[in-house]
Amino acid sequence: MTLRITWNQASARRLERQFLANPAKKDTPVAEIVGAMLGAHAQVLSAAELSVGVRAVGVTRAGVREALWKGPGERLREGPGGRLPEGPGGRLPEGRSLVKMHGPRGTVHLLPAGELPMWCSALPAVRSGASPFAVGVRVSEEQAREIVAAIGDALEGATLTIDELSEEVVARVGAWAGDPVMPAFQGMWPRWRQVMHRAGQSGALCFGPDRGRKVTYTRPPEFTPLGAEEAVRELVRRYLRAYGPATPQNFAKWLAGGARWAVELFGRLAEAGEIEEVVFEGDGGWWVVAGDVEFPEGAVSGVRLLPYFDAYGIAAQPRETLFPGDAYRRALARGQAGNYPVLLVDGVVAGVWHQRRRGRRTTVTVEPLGQLTARQERELGEQVGRIGEVLEAEPELVVGPVTAGPHA
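Residues numbered from 1 in each chain as written. Predicted model: local features only at pLDDT ≥ 70, side-chain atom pairs only at ≥ 80, totals over all residues. Heavy atoms only, no water.

Notes on the packing of aromatic side chains
Here comes step 1: Inspection of every chain in the model, using the stated rule, returns nine aromatic pairs.
Here comes step 2: Their ring planes at 50° and their centres at 5.8 Å tell us that phenylalanine 251 and phenylalanine 266 sit as a pair that is tilted. Here the residue phenylalanine 251 occupies a position in helix H10 (residues 248-255), and phenylalanine 266 occupies one in helix H11 (residues 259-271), the gap between them amounting to 15 residues.
Here comes step 3: Under the relative-accessibility criterion, phenylalanine 251 is labelled buried at 0%.
Here comes step 4: Through pairs of rings, three or more aromatic residues link up here, namely Trp119, Tyr239, Tyr243, Phe251, Trp254, Trp261 and Phe266.
Here comes step 5: Over the ring of phenylalanine 295 we find arginine 13; its NZ or CZ atom is 3.8 Å from the centre of that ring.
Here comes step 6: Of note, lysine 100 hangs over the ring of phenylalanine 207, and the distance from its end group to the ring centre comes to 4.7 Å. (Phe/Tyr/Trp six-rings, centres within 6.5 Å; stacked < 30°, edge-to-face > 60°. Helix = DSSP H or I, 4+ residues; strand = E, 2+ residues; numbered from the N terminus. Buried < 20%, exposed > 50% of the residue type's maximum accessible area, 1.4 Å probe, protein only. Lys NZ or Arg CZ within 6 Å of the ring centre and 35° of its normal.)

In structure tokens form, the structure reads like this:
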């Protein structure tokens, strides 16, 4: 008989496995928390620090930075970002438990260093759609592979700024790679940068320590990659354990991959008995890992504050249920999750929030979309207090309209 699962059951299990129902115990390794999330979005590092910090007892932004930049027996240098120099040979020194690099959807994530064998084999194997760039801007598949190889070669034994890396890539593959044809924030980027994320996803590039105000890139710690098929299958299993039940289309959207590719992949896993189909909220076509069918019975309860691009708000589906009613209009940007920090009440989005820091104080403005109970107001105050602890700041709660726009 096919298992039937409700939204409350799925939501309760997802929150539990994300350390959002109950935070991880003190001294839980930061990499374990990031692994449970399947990566912490780190385009803005402070958002990643909050994503990790709100899931654990006693973790602050300094603890996340230590996991990212500090090896065994090393002292974290004071200064911008509190970062360390690179290790011998220009690579990040061994012993970091986190690495900042391109992850799902080609966006910057914190990933556990111990999971690089899976990530750097699975992500390059994801089949995506057509290039979003105009014909005159695109590179061929052969050119893309040439650029990725040049990036890895340039960063072997080196830590480079983006301008230095660009010079090295052009020197290796030719002037065409440096043509300024990519529309960017304040001008045009060189052609090669359209596949920079592929270098990150394959392990040829990761972020290094800042050089003053400049971002640098280097090679991640050495690792032995898994086979591509093995890595992709493991990633599906990890995704379903964290966010299941899910459809192949959910998985494809989370990775920015092709829907047909994902359907074929799930078909192979189902045929091998590695995943099984369930009925979710009355509909078939949803999947969990085979045998992973224990779900809580109680309804979700509690208040949580999740920052920009938190993994839970992006990956949990169906989005229309996670963002019910007015939340779909207020907390999403044209249907895209992550552009607003969100207030979760009893497992669904029930408002947005924004924090503004001035010196040692941070003001957290929360805009609920409905009336909070006295218990929920107390829990909201506790959550704001936790935000202050993570950011190492004195928090102030303001309940009212959030005037900041998406991704402000």
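Remarks on the confidence of the model for the protein
Here comes step 1: Mean pLDDT over the protein works out to 91, with 93% of the residues at or above the 70 mark.
Here comes step 2: Every residue in residues 76-89 scores below 50 in pLDDT, and together they form 36 contacts with partners more than four places removed in sequence or on other chains. (pLDDT = per-residue confidence, 0-100. Contact = heavy atoms within 4.5 Å.)

A few points about the pairing of strand S11 (residues 283-289)
Here comes step 1: Relative to S11, strand S10 (residues 275-280) runs antiparallel, the two sharing five bridges. Considered in S11, the bridge of glutamate 276 is made with valine 288.
Here comes step 2: The hairpin turn running from S10 into S11, its antiparallel successor, is two residues long, and glutamate 281 in that turn takes a positive phi close to 55°. (Pairing = 2+ DSSP bridges.)

Digging into the pairing of strand S6 (residues 180-184)
Here comes step 1: Pairing of S6 with strand S7 (residues 187-190) involves four bridges; the strand directions are antiparallel. Counterpart to proline 183 in the pairing with S7 is methionine 188.
Here comes step 2: Where S6 folds back onto S7 in an antiparallel hairpin, the turn is made up of two residues.

Some thoughts on the sheet that holds strand S3 (residues 98-102)
Here comes step 1: The three strands are arranged S2-S4-S3 in an open sheet whose pairing can be described as antiparallel. Both edges of this open sheet fall to strand S2 (40-41) and S3, since each of them pairs with a single strand only.
Here comes step 2: Direction of pairing for S3 relative to strand S4 (residues 108-112): antiparallel, over a ladder of five bridges. Note on S4: the bridge partner recorded for lysine 100 is leucine 110.

Points about the pattern of salt bridges
Here comes step 1: Overall, the coordinates contain 22 salt bridges when judged by the stated rule.
Here comes step 2: Put simply, aspartate 310 and arginine 55 hold a salt bridge, and the shortest N to O gap is 2.8 Å. Residue aspartate 310 is found in the loop between strand S12 (303-306) and helix H12 (311-315), and its partner arginine 55 is found in the loop between helix H3 (45-53) and helix H4 (61-69); the two are separated by 255 residues along the sequence.
Here comes step 3: On the accessibility criterion, arginine 55 (0% relative accessible area) is buried.
Here comes step 4: For arginine 191, the salt bridge identified is with aspartate 179, shortest N-O distance 3.1 Å. In this pair, arginine 191 is assigned in the loop between S7 and helix H8 (196-201) and aspartate 179 in the loop between helix H7 (162-173) and S6, connecting sequence segments 12 residues apart.
Here comes step 5: For arginine 191, a relative accessible area of 11% corresponds to the buried category.
Here comes step 6: Beyond isolated ion pairs, a larger network of salt bridges with shared partners links Glu229, Arg233, Glu234, Arg237, Arg268 and Glu274. (Salt bridge = Lys/Arg side-chain N within 4 Å of Asp/Glu carboxyl O.)

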